[in-house]
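Examination of the molecular architecture
One letter stands for each residue in the lines below.
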Amino acid sequence: MKIDFQHYQSAHCENGVTSNLLKFYGINLSEPMIFGIGSGYFFSHMPFIKLNGMAVTSFRVWPGWIFKRVTHRLGIKVRRYKFRNHALAMKELDGLIEKGIPVGLLVGVFHLPYFPTEYRFHFNAHNIAAIGQENGTYWVSDPVMENIETLSYDELVKVRFAKGTHPPKGRMYYITNVPVQIDIKSAILSGIRKTAKDMLTIPIPMFGIKGIRYLAKRMRTWPRKYGAKLATHNLGQVIRMLEEIGTGGAGFRFIYAAFLQESAGVLDKQWLKDVSAEMTAVGDLWRQFAVHAARYFKNRDKGLTSYDSLADMLLNIADREEHIFLQLRRISR
Amino acid sequence: MKINEVPQDKGYLIKGKISDLNYAVDQNGVYTSTQSQGWQPKNEALTMAWDVVYERAEHARQQIMAGVLSPVAFYMELNIMDVNILASYTGISKWKVRRHLKMKVFRKLRPEILEKYAGVFNLSPDELTDINIIIETELKHEN
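Keep in mind that this is a model prediction, so the values were computed, not measured.

**Quick word on the packing of aromatic side chains**
How two aromatic rings sit relative to each other is given by the distance of their centres and the angle of their planes. One pass over the structure, following the stated rule, counts 23 aromatic pairs over all chains. An angle of 85° between the planes, with centres 5.1 Å apart, marks the rings of Phe59 of chain A and Trp286 of chain A as edge-to-face. In this pair, Phe59 of chain A sits in strand E2 (residues 54-60) while Trp286 of chain A sits in helix H9 (residues 271-298), placing the two residues 227 residues apart along the sequence. A single burial state applies to Phe59 of chain A and to Trp286 of chain A, both of which are buried. Here Phe121 of chain A and Trp50 of chain B contribute two aromatic rings whose centre-to-centre distance is 5.7 Å and whose plane-to-plane angle is 50°, an arrangement assigned as tilted. Linking Phe121 of chain A in the loop between strand E4 (103-107) and strand E5 (126-134) with Trp50 of chain B in helix H1 (residues 40-65), this pair reaches from one chain into another. Residue Phe121 of chain A shares its accessibility class with Trp50 of chain B, and that shared class is buried.

As structure tokens, this is what we get:
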């Protein structure tokens, strides 16, 4: 059976799945709205969590949190599962699809056959929605793809039970109940407040604005610590995290700016438009940072060692983001 | 970013199938979204990441031809895995996987074990043990 499900492409996978699932239940929210209400905006640089043997830099909250927060703030009831048993995970999924319920799945991208080979890393926080099944072929709505794709039973098992950093363990989630009326305004306010709080006040140097400064500080030591070549690899990892499919860091800043702009209308607060413009400028700075960083890749073996200028760019970005969230923190009804 | 600045630098994305959705402002400063075919800095970061993988695989290949490392080491690198990931995919313990990276140990492996590794690498057991395939594998980008 194939559920009649509208597939819309999005910039980021979890926004996309959440937005598409909500649209299926008649709640029409744009991707930026989902991202903002779900407080998806974040920054963290965690040297102790490794991907490809290098520190993880992330430009958004943990996978799953956007969906969790959006549904919570809108009063939508959901169920979520994780599994040990592969066959059971698939059986439960089949049962839900048979009932006409689209199901969000957390998957690893490495074994996704429809992804370009070059994008297949052991990245285990991708979201797709399963929207149909027939004779062991599954239709999935992957928000970064332009169209609906298919996966075989074995392929789906493989991606749901991918291994590596943060294995998805067959996680799935779906909506069980949607309230008649939703309070979009207070959801937006909670979303903004939470993001501002997390960006400004977490007392650990790895997160929020402090995290950006922390990355800047560490970056200055890379050439000495790792040598020219490994330093460039670390930089490359940051850029990939910044601009990877479904994670886009500079992209997130633009999505958030779009959210602030849309919210300015919904909440009737014109000053949010100015903050949105500031956020756009920050997004452009992140892009500039990527452009500069990319110059190092080309000369990676020649031992260019001035990571200081890149770190300075990051410090500038940190100051500007701080200014934005100091304003947003004071938002009221 | 303005809508006319959305990059269209062809890289690894496939037109009509997969693209990046970018949010950007139009002439009036209003946000809209549009598809991007890729962006140069991102493409270069990706190219570099794969160069690293190929470099490591090449190193493993040299060691295999010298009779030190086993094909498992080569395919592990090619699949961007490390001993941790490979161990959890195969269900073989890490210290055993580390031993299996050596040619001397690999030669004596039971067929069941070979099959496990071959399955993870999407190969048949015969393909896994065939050194010629490794020698002939081209380590470079498609485009």
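**Considerations on the environment of Arg253 of chain A**
All names here are of chain A. Its place among the elements puts Arg253 in helix H8 (residues 249-267). Here Arg253 falls in the buried class, since its relative accessible area comes to 0%. Leaving out residues up to four positions away in the same chain, Arg253 has contacts with Tyr41, Phe42, Phe43, Phe59, Met199, Met279, Val282, Gly283, Trp286 and Glu321. Only 3.0 Å separates the side chain of Arg253 from the side chain of Tyr41, close enough to count as a polar contact. At 3.3 Å, the side chain of Arg253 and the backbone oxygen of Phe59 are in polar contact.

**With respect to the sheet that holds strand E6 (residues 137-141) of chain A**
All names here are of chain A. In spatial order, the strands read E3-E8-E4-E5-E6-E7; together these six strands make up an open sheet with antiparallel pairing. Edge strands, defined here as strands with exactly one partner in the open sheet, are strand E3 (77-81) and strand E7 (149-152). Here the average twist between neighbouring strands, direction ignored, is 35°. Where E4 meets strand E8 (residues 172-177), two bridges bridge the pair, whose relative direction is antiparallel. Bridge pairing in E8 places Gly104 opposite Tyr173.

**Overview of a positive patch on the surface**
A cluster of basic side chains, namely Arg99, Lys102, Lys104 and Lys108 of chain B, defines a positive patch on the protein surface. Within the element layout of this structure, Lys102 of chain B appears in the loop between helix H4 (94-100) and helix H5 (103-106).

**Describing the packing of helix H6 (residues 184-201) of chain A against helix H10 (residues 308-329) of chain A**
Residue and element names in this part refer to chain A. Where H6 contacts H10, the two axes come as close as 9 Å, and the packing angle between them is 135°. With respect to their mutual orientation, H6 and H10 come out oblique. Considering only the axes of H6 and H10, their crossing is left-handed. On H10, the residues touching Ile192, Thr195, Ala196, Met199, Leu200 and Thr201 of H6 are Glu321, Glu322, Phe325, Leu326, Leu328 and Arg329.

Calculation rules
- Every chain begins its residue count from 1, and numbering advances along the sequence as written.
- Whichever chain is written first becomes A and whichever ligand is written first becomes 1, with later ones labelled in order.
- Under the rules for a predicted model, residues below a pLDDT of 70 receive no local features and side-chain atom pairs below 80 are neither given nor counted, while totals for whole chains, interfaces and linings still include all residues.
- As a convention, hydrogens and water are excluded, and side-chain values are obtained from all of the structure's heavy atoms.
- Pairing of aromatic side chains here covers Phe, Tyr and the six-membered ring of Trp, requires ring centres within 6.5 Å, and sorts the geometry by plane angle: under 30 degrees stacked, over 60 edge-to-face, intermediate tilted.
- For the purposes of this entry, the term helix denotes a DSSP run of H or I that reaches at least four residues, the term strand denotes a run of E that reaches at least two, and both are numbered from the N terminus.
- To sort residues, take the accessible area from a 1.4 Å probe on protein chains only and compare it with the maximum for the residue type: under 20% means buried, over 50% means exposed, and anything in between is partly exposed.
- In this description, contact between two residues means that some pair of their heavy atoms is separated by no more than 4.5 Å.
- A 3.5 Å cut-off defines polar contacts: any pair of N or O atoms within that distance qualifies, except that in protein one atom must be a possible hydrogen donor and the other a possible acceptor, and neighbouring residues in sequence count only when both atoms are side-chain atoms.
- When DSSP finds two or more bridges between a pair of strands, those strands are recorded as paired.
- To obtain each axis, a line is fitted to C-alpha atoms, and for helices this fit is confined to the stretch in contact; angles are then taken between N-to-C directions over 0 to 180 degrees.
- Patch definition: residues with relative accessible area over 30% and no salt bridge; like charges joined within 9 Å; nonpolar side chains (Val, Leu, Ile, Met, Phe, Trp, Tyr) joined within 5 Å.
- The Shrake-Rupley method, run with a 1.4 Å probe sphere, supplies the accessible areas, and residue values consider only the shown protein chains as cover.
- A pairing counts as a salt bridge when a side-chain nitrogen of Lys or Arg comes within 4 Å of a carboxyl oxygen of Asp or Glu.
- His is not counted, nor are the chain ends, whereas Lys and Arg count as positive and Asp and Glu as negative.
- For charged residues, the charge sits on one atom: NZ in Lys, CZ in Arg, CG in Asp, CD in Glu.
- Orientation categories follow fixed angle ranges, with anything under 35 degrees roughly parallel, anything over 145 roughly antiparallel, 65 to 115 roughly perpendicular, and all other angles oblique.
- In a left-handed crossing the near helix is turned counterclockwise from the far helix by less than a right angle, and in a right-handed crossing that turn is clockwise.

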